[in-house]
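Analysis of the macromolecular model
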Amino acid sequence: MVLYVLKRVLQAAGVMLFVAFISFVLFNYVGDPVNNMVGQEATIEDREALRERLGLNDPVVVQFSRFVAHALEGHFGISYRLQRPVKDLIAERLPATLELVFSSAILALALGIPLGIYTGLHRDTWLSRLILSSSLAGVSLPTFVIGILLIYVFSVSLNLLPSYGRGEVVQITGSWSTGFLTVSGWKAIILPSITLCLYQLTLILRIVRAEMMEVLLTDYIKFARARGLTDRAINFGHALKNTLVPVITVTGLQIGSLIAFSIITETVFQWPGMGFLFIQAVHFADVPIMAAYMVLVALFFVIINLIVDLLYFVVDPRLRIERTVTIG
Amino acid sequence: MALLEVDRLRIEFPTRRGVLVAVDDISFSIDQGEVLGVVGESGAGKSITGAAIIGLLEPPGQIAHGTIRLQGQQINGLPNEAMRRIRGAKIGVIFQDPLTSLNPLYTIGRQLVQTITTHTDLTTSQARDRAIDLLNEVGIPAAKRRIDSYPHEFSGGMRQRVVIALALCAKPGLIIADEPTTALDVSIQAQIISLLRRLCQEHRTAIMLITHDMGVIAETADRVAVMYAGRIAEIGPLRDVVKNPKHPYTVGLMDSIPVIEEENDELAHIKGAMPGLQEIPLGCSFNPRCPDAFDQCRRERPDLMPTGNPNQVAACWKYDGTTNND
Ligand SMILES: Nc1ncnc2c1ncn2[C@@H]1O[C@H](COP(=O)(O)OP(=O)(O)OP(=O)(O)O)[C@@H](O)[C@H]1O
Ligand SMILES: [Mg+2]
């Protein structure tokens with residue numbers, strides 16, 4: 001068990017190192033960082049001095065180690081465009097993104113799992129068919145179309161919900177600002193989180209449904225029925241628990257992609273999060289922000305994966321046993 | 001009064017290409033504490049007869065007509081909830097594959113306790129004591145410790161013992177065992193069968209023992225029902241059916257016992273194969289393969305009829321109206 005966790009943590013560290021390397025390459029070789037920093041009229045000597053000062057003349061290995069060391073402390077240099085430390089910019093934007101992703105994930109799970117169970121248990125009711133066909137819309141319509149549709153209906157036509165921004169935010173502890181403490185904050189997050197969650201909701205619904213249908217055909221469910229256990233105990237105990245491993249896998253991956261997908265949603269709703277920051281950075285080739293964003297998103301993915309791996313342990317006893325003992 | 005009475009049971013599968021009759025008008029009964037062996041080739045309808053008795057026919061399968069009575073009370077057509085209370089409590093079931101019959105994510109103790117508390121008023125801790133007793137009874141060593149193990153920590157034979165404990169845990173009067181040893185190692189099969197028989201004798205539990213294995217039947221059963229293409233060809237006391245079979249199909253079956261024991265479904269002395277559900281011939285379904293078939297056999301379906309021996313009945317025109325045939 002400890003060994004398994006250790007292995008996973010090492011793997012995660014390896015992945016992070018690889019991502020750091022890519023973003024390091026991006027940092028140093030996409031355009032000339034010196035060019036990006038000095039004005040038009042700098043002399044060759046000025047440039048050379050800056051190169052030396054930035055350590056750009058050091059061997060690559062030294063430069064990379066320095067990059068990693070800085071990254072570990074959260075330093076990714078200074079934004080070319082905004083002339084502020086990337087660390088501060090990200091810290092300002094992180095809460096908005098995480099709150100959006102968090103609400104979308106909760107929505108996707110809170111709706112996806114029950115709907116998946118329902119449609120898995122009651123395959124042929126009209127309600128199941130309705131749920132399934134409308135969920136198809138969730139995967140087939142692009143995010144921005146859904147976002148714009150929602151804005152058109154709820155903001156423009158009905159004038160119920162704001163179409164952009166986070167509403168009023170309240171500052172708690174240092175740089176963390178939350179929209180969850182004001183009414184306008186709650187109103188503002190509704191449309192973006194619905195937009196963002198639809199795709200994941202559909203996937204979770206479908207995987208729960210498919211797994212449920214498969215598990216219900218297994219011998220141990222038949223045997224549980226033959227022992228006269230209640231439908232409740234069978235469906236929500238025996239069956240549901242056996243769908244959990246694949247569902248956890250998919251859910252974990254999907255929460256990771258929520259962070260990535262949020263770029264589009266944040267752009268549509270002018271949501272002041274990291275994704276929005278990233279898109280702007282791309283426009284202006286603001287490499288430090290891009291590099292930092294990449295590393296951060298990778299970090300989230302890796303952490304979520306680690307959690308998923310640990311959850312497997314909680315769910316499936318077959319993994320907990322390092323050496324299978326059999327008697328007989 | 002018999003414990004279980006099945007009367008003119010007919011099971012159908014409506015399909016797009018018409019209705020398939022998988023079990024056609026079968027009648028039999030099982031007394032308290034009696035072991036009824038049910039034999040027949042693959043597809044004869046043994047398993048779905050068992051499924052119908054416990055009310056778990058898989059749709060689109062349905063009981064078209066007939067009655068199933070347990071202790072005199074009709075149980076087919078009961079509401080789901082009433083039927084659920086009978087399953088496990090009054091009729092236990094053992095399936096073929098112990099490796100897949102247990103939920104891999106729950107300890108065997110949890111599965112036992114849950115089944116016991118579902119059917120009795122025992123508290124969880126009383127149920128746990130009962131579960132430990134049961135595990136001891138079915139021969140799980142160190143039951144007190146092993147009760148908290150997961151299914152994958154047991155071997156196949158041990159798992160089938162757990163399955164038997166699960167089937168017996170609410171003390172049902174009848175166990176339907178559908179090929180309980182087919183998936184097991186040959187060396188373990190005999191142990192499991194004798195365990196099952198011993199337990200059922202102690203508890204006066206009747207068994208409907210479905211199997212391909214005449215050897216198992218010969219060791220265990222009190223009476224034997226031979227099924228062919230959805231019907232019962234012959235039914236009678238073990239000794240009579242084995243030593244003095246009446247139906248030509250049973251005769252062929254008994255002649256080929258050594259072949260069957262080698263797990264070969266081909267019947268050495270009967271040419272051809274059992275017809276599929278769509279191609280069951282007019283008259284006696286066995287007539288194309290029957291060495292003794294005559295005209296009536298190709299026109300009319302024989303019901304079970306007396307064969308001279310009062311306890312042994314066969315569905316064969318040879319015995320029509322002849323009580324003094326033997
Ligand atoms: N869902 C279904 N639709 C149509 N026919 C079915 C269905 N399920 C079972 N049958 C048919 O019912 C018949 C009896 O099946 P059953 O499983 O009872 O056979 P069996 O005697 O138990 O055979 P085996 O020894 O292989 O277990 C078979 O001919 C099978 O094709
Ligand atoms: Mg069968």
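Anything mentioned here points back to the structure above.
Here we summarise the structure given alongside this text.

Calculation rules
Residues numbered from 1 in each chain as written. Chains lettered and ligands numbered in written order. Predicted model: local features only at pLDDT ≥ 70, side-chain atom pairs only at ≥ 80, totals over all residues. Heavy atoms only, no water. Helix = DSSP H or I, 4+ residues; strand = E, 2+ residues; numbered from the N terminus. Buried < 20%, exposed > 50% of the residue type's maximum accessible area, 1.4 Å probe, protein only. Contact = heavy atoms within 4.5 Å. Areas by Shrake-Rupley, 256 points an atom, 1.4 Å probe, with all protein chains shown as cover. Lys, Arg positive; Asp, Glu negative; His and termini not counted. Charge placed at Lys NZ, Arg CZ, Asp CG, Glu CD. Rg over C-alpha atoms; globule rule 2.2 N^0.38 Å. Salt bridge = Lys/Arg side-chain N within 4 Å of Asp/Glu carboxyl O. Polar contact = N/O pair within 3.5 Å; in protein donor to acceptor, adjacent residues only side chain to side chain. Pairing = 2+ DSSP bridges. Right-handed = clockwise from strand over helix to strand, strands pointing away. 1 Å grid on protein atoms, 1.4 Å probe; cavity = no way out; pocket = protein on both sides within 12 Å on 5 of 7 lines; lining within 4 Å. Points joined across faces, edges and corners; volume = space filled by probe spheres on them. Nonpolar A, V, L, I, M, F, W, Y, C, P; charged D, E, K, R; others polar. Core = buried A, V, L, I, M, F, W, Y, C linked by side-chain atoms within 4.5 Å. Patch = residues over 30% accessible without salt bridge, like charges linked within 9 Å, V, L, I, M, F, W, Y side chains within 5 Å. Near = heavy atom within 4 Å. Axes fitted to C-alpha atoms, helices over the stretch in contact; angles between N-to-C directions. Expected span 1.5 Å × (residues − 1). Arc of directions from axis to C-beta.

Turning our attention to the overall build of chain A. For chain A, the helix and strand inventory stands at 13 helices and 2 strands. Taken along the three principal axes of its C-alpha coordinates, chain A extends 85 × 65 × 35 Å. Counting the 328 residues in chain A, one finds 43% classified as buried. Considering only residue pairs separated by 6 or more positions, chain A has 70% of its internal contacts joining residues 24 or more positions apart. Surface exposure of chain A reaches about 16,900 Å², of which carbon and sulfur atoms provide 68%. Charge-centre separation for chain A: the mean point of 24 positive side chains lies 13 Å from the mean point of 22 negative side chains.

The next subject is the overall build of chain B. A tally of helices and strands in chain B yields 13 helices and 12 strands. Expected size for 326 residues packed as a compact globule is a radius of gyration near 20 Å; at 20 Å, chain B falls within 12% of this value. Overall size of chain B, expressed as C-alpha extent along the three principal axes, is 65 × 40 × 40 Å. For chain B, the proportion of its 326 residues judged to be buried stands at 56%. Counting only contacts in chain B whose residues sit at least 6 apart along the sequence, the fraction spanning at least 24 positions is 63%. When the accessible surface of chain B is totalled, it reaches about 14,100 Å², and 47% of it is carbon and sulfur. For chain B, the distance from the average site of its 33 positive side-chain charges to the average site of its 39 negative ones is 5 Å.

The next thing to look at is the interface of chain A and chain B. The interface is formed by 26 residues belonging to chain A together with 32 residues belonging to chain B. Across the contact surface, chain A and chain B share 1 salt bridge. We note a salt bridge from lysine 222 of chain A to glutamate 58 of chain B, for which the minimum N-O separation is 3.8 Å. At the surface where chain A touches chain B, the tally comes to 11 residue pairs in polar contact (both at pLDDT 80 or more).

Looking at the secondary structure, you find glutamine 296 of chain B in helix H13 (residues 295-299). Excluding residues within four positions of it along the chain, glutamine 296 of chain B makes contact with Trp317 and Asp320 of chain B.

What follows is about the pairing of strand E8 (residues 206-210) of chain B. All names here are of chain B. Most of E8 is tucked away, with 5 of its 5 residues classed as buried. Of the two faces of E8, both are covered, the one formed by Ala206, Met208 and Ile210 as well as the one formed by Ile207 and Leu209. In this structure, strand E3 (residues 35-39) lies alongside E8, joined through 4 bridges in parallel fashion. In the sheet register, valine 38 faces E8, and the bridge partner there is isoleucine 210. Pairing between strand E7 (residues 174-178) and E8: 5 bridges, direction parallel. From the neighbouring strand, leucine 174 faces E8, where its bridge partner is alanine 206. For the segment spanning E7, helix H8 (residues 186-203) and E8, crossover handedness is right-handed.

Quick look at the layout of surface pockets now. Within this model, the largest pocket holds a volume of roughly 1,700 Å³. Taken together, 45 residues form the lining of the largest pocket, with Arg225 of chain A together with Leu56, Leu57, Glu58 and Pro59 of chain B sitting closest to its centre. Looking at the lining of the largest pocket, the elements with two or more residues in it are helix H5 (86-121), helix H8 (183-216), helix H9 (219-226) and helix H10 (231-268) of chain A together with helix H1 (46-53), helix H2 (80-86) and E7 of chain B. The biggest single contributor to the lining of the largest pocket is H1 of chain B, with 6 residues. Here the residues of the lining of the largest pocket are counted per class, giving 23 nonpolar, 10 polar and 12 charged.

Turning next to the nonpolar core. Grouped together as the largest cluster of nonpolar side chains are 98 residues, with contacts concentrated most on Leu4, Phe28, Ile53, Ile91, Leu135 and Ile164 of chain B. Looking at this core element by element, the count peaks at 8 residues for helix H7 (residues 156-168) of chain B. When sequence neighbours within four positions are dropped, the list of residues in contact with isoleucine 91 of chain B reads Ala226 of chain A together with Ile53, Ile54, Leu70, Ile75, Ile86, Pro172, Leu174 and Ile176 of chain B. Judged by nonpolar contacts, the second largest core, of 44 residues, contains Phe24, Leu196, Phe278 and Ala298 of chain A.

Right, let's get into a negative patch on the surface. The grouping of Glu45, Asp46, Glu48 and Glu52 of chain A at the surface amounts to a negative patch. Turning to its location among the elements, glutamate 48 of chain A is positioned in helix H3 (residues 44-54).

We now examine the site of ligand 1. Residue and element names in this part refer to chain B. Lining the immediate surroundings of ligand 1 are 13 residues, of which Ser42, Gly43, Ser47, Ile48 and His212 lie closest. Alanine 44 places a main-chain nitrogen or oxygen 3.2 Å from an oxygen atom of ligand 1. Between ligand 1 and the protein, one listed contact pairs an oxygen atom with a side-chain N or O atom of histidine 212 at 2.8 Å. Here ligand 1 loses 66% of its free accessible area of 640 Å² to cover by the protein chains. Considering each element in turn, the shell around ligand 1 owes the most residues, 3 residues, to H1.

The next subject is the sheet that holds strand E4 (residues 62-70) of chain B. Backbone hydrogen bonds hold the strands of a sheet together, and the pairing may be parallel or antiparallel. Residues and elements named next belong to chain B. The strand order E2-E1-E4-E5 describes an open sheet built from 4 strands, whose pairing is antiparallel. Every interior strand has two partners, whereas the edge strands, strand E2 (18-30) and strand E5 (73-74), have only one. Looking at chain direction, strand E1 (residues 4-15) and E2 are connected through 9 bridges and run antiparallel. Opposite glutamate 12, over in E2, you have valine 21 as the bridge partner. Each of E1, E2 and E4 touches H1; the most contacted strand, E1, lies at about 110 degrees to it.

So, on to H8 of chain B. All names here are of chain B. When the terminal C-alpha atoms of H8 are compared, their 26 Å separation across 18 residues agrees well with the 26 Å that a helix rising 1.5 Å per residue should span. Taken residue by residue, H8 has Gln189, Ile192, Ile193, Leu195, Leu196, Leu199 and Cys200 as its buried positions. Looking straight down H8, one finds its buried side chains confined to an arc of 160 degrees; they lie on one side. Exposed positions of H8 whose direction lies more than 90 degrees from the buried face are Ser187 and Gln201. Summarising the contacts, the buried residues of H8 are in contact with strand E6 (91-94), helix H5 (124-137), H7, E7, E8 and helix H9 (214-220). Following H8 by one or two positions, arginine 204 adopts a phi angle in the positive range, close to 55 degrees.

In short, shape yes, function no, at least from these values alone.
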